[in-house]
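# Reading the structure
Here is what each chain is made of, one letter per residue.
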Amino acid sequence: MTVTIKLNANMGSMEPDSAAEGTAHQNGNTDERVGRGNHATSFVPRKSSGRSTALPLDVGTRVHCRWRDGKYHPVKVIERRKVFDGAPTDYEYYVHYTEFNRRLDDWVKLDQLDLGSVEADVDEKVEEKATGLKMTRHQKRKIDETHVEGHEELDAASLREHEEFTKVKNIATIELGRYGIETWYFSPFPPEYNDCVKLYFCEFCLNFMKRKEQLQRHMRKCDLKHPPGDEIYRSGTLSMFEVDGKKNKVYGHNLCYLAKLFLDHKTLYYDVDLFLFYILCECDDRGCHMVGYFSKEKHSEESYNLACILTLPPYQRKGYGKFLIAFSYELSKKEGKVGTPERPLSDLGLLSYRGYWTRVLLEILKKHKSNVAIKGLSDMTAIKSDDILTTLQGLDLIQYRKGQHVICADPKVLDRHLKAAGRGGLDVDVSKLIWTPYKDQG
């Protein structure tokens, strides 16, 4: 959940969101979208049934597609486009792998599809019932999480509108600093960027351009070597900068465009003026290079201490996500408040938070031999009591006795849960944090 761009007709507003991991592939610069009107049709024998399949495949067709693992997986055709300089019936297809999150949606060629597996139109409810019978509970939960997580605030009509508007990734890759990064989701860039498959970002001011030469000219003039805000933390090569969305609107908007390429949530309108952005950077002699960030409302009536969190793909699985979460709670402690992330969380955001809450709470329970109340844990950690309760209930460490919750903290059980929780993130050295809460700033 951060401030990202609201997905509306004029592409001009901003919204909050959050996320983490997947891939996409670049598929050339031609994007000639074709409707279902008059078009040439040919027939290719199906591998298994002996029947023939009409080409091009219609949007909505269900078929099996060869994925990166070399195996065939069920997909649904979301969109199609003509192959540049191809025959009239040569198309590429944008498909959704029904077993996976939308971040893996991709353009594929005809030879990746098993035409023998093409299915006629199936009633969604009947199909869901049939596939549900074949799945294990774990598989079903995984699919439910990836399809629904993050859009609980939308009614059915709004969800359909959101998915229709954002169904096809408009930017396949970006260049940011020394990294070329494959994108995961649609981001509503201004209309003049509709014909771009790749965008080039200045890694310091986050301005974006269509061509490498434009970026090179820009870099000769751009005098920024770090995000345009106050450095509030420096430990070794890690820095954190606080950027006020009201004072740095262009940077805030650019950050939202960039973040939305890796986030798939929220359709509510928010102005960047209302947010503070905390940008985590790795620093070297060339400058401070963005690793990830989280956003935070300046004034939150719901006690949200984080609106959106993102670690950029090249920096994932290095402990930065949990560092950002821990940092947000250190700010809450400085404010003298308990905090919680804005809901809904993305699937990967939820996993990161569960891991963080589990490790922090278990380590405290291990140290405290005497009984610790939920309120005591909340005071020590700045984690909201509801989050503590659900975390401990999920670990089977809490019971309800005589009208109150009782924590059952057997040392062996705690050790087992800690081992399962995996390694923690990078530590926040609180002595290096120099920060004044927004309400106390002049």
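Residues numbered from 1 in each chain as written. Predicted model: local features only at pLDDT ≥ 70, side-chain atom pairs only at ≥ 80, totals over all residues. Heavy atoms only, no water.

We now examine the pairing of strand 12 (residues 198-201). Of the pairings in the sheet, the one linking strand 10 (residues 173-176) to strand 12 comprises 4 bridges and is parallel in character. By the bridge assignment for strand 12, L176 is matched with F201. Strand direction decides the pairing type here: strand 12 and strand 13 (residues 208-209), joined by 2 bridges, are antiparallel. Bridge pairing in strand 13 places F201 opposite F208. Hairpin connection, strand 12 to strand 13: the antiparallel pair is bridged by 6 residues, and L206 has positive phi, about 65 degrees. (Pairing = 2+ DSSP bridges. Helix = DSSP H or I, 4+ residues; strand = E, 2+ residues; numbered from the N terminus.)

Within the UniProt annotation, "active site" (unreviewed entry) is assigned to E342. With respect to the helices and strands, the residue E342 is situated in the loop between strand 20 (340-341) and helix 7 (347-367). Judged by relative accessible area, E342 falls into the buried class, the value being 3%. (UniProt positions renumbered as here; feature names shortened; annotations may be inferred. Buried < 20%, exposed > 50% of the residue type's maximum accessible area, 1.4 Å probe, protein only.)

A word on the sheet that holds strand 17 (residues 287-297). Ordered in space as 14-15-16-17-19, the 5 strands form an open sheet in which the pairing is antiparallel. In this open sheet, the two strands that pair with only one neighbour each are strand 14 (230-235) and strand 19 (308-311). Shown here is a sheet whose adjacent strand axes are inclined to one another by a mean of 20 degrees, direction ignored. Where strand 16 (residues 275-284) and strand 17 come together, 10 bridges link them in antiparallel fashion. Bridging from a neighbouring strand, E282 pairs with H289 of strand 17. Most of the contacts of helix 6 (residues 320-335) go to strand 17, to which it runs at about 55 degrees, and overall it touches strand 14, strand 15 (238-244), strand 16, strand 17 and strand 19. (Axes fitted to C-alpha atoms, helices over the stretch in contact; angles between N-to-C directions. Contact = heavy atoms within 4.5 Å.)

To continue, consider helix 10 (residues 411-421). Taken together, the buried positions of helix 10 are occupied by L414, H417 and L418. Each buried residue of helix 10 sits inside an arc of 100 degrees when the element is viewed along its axis, so together they form one side. For helix 10, the exposed residues lying more than 90 degrees away from the buried face are K412, R416, K419 and A420. Looking at the buried positions of helix 10, the neighbouring elements they touch are helix 7. (Arc of directions from axis to C-beta.)

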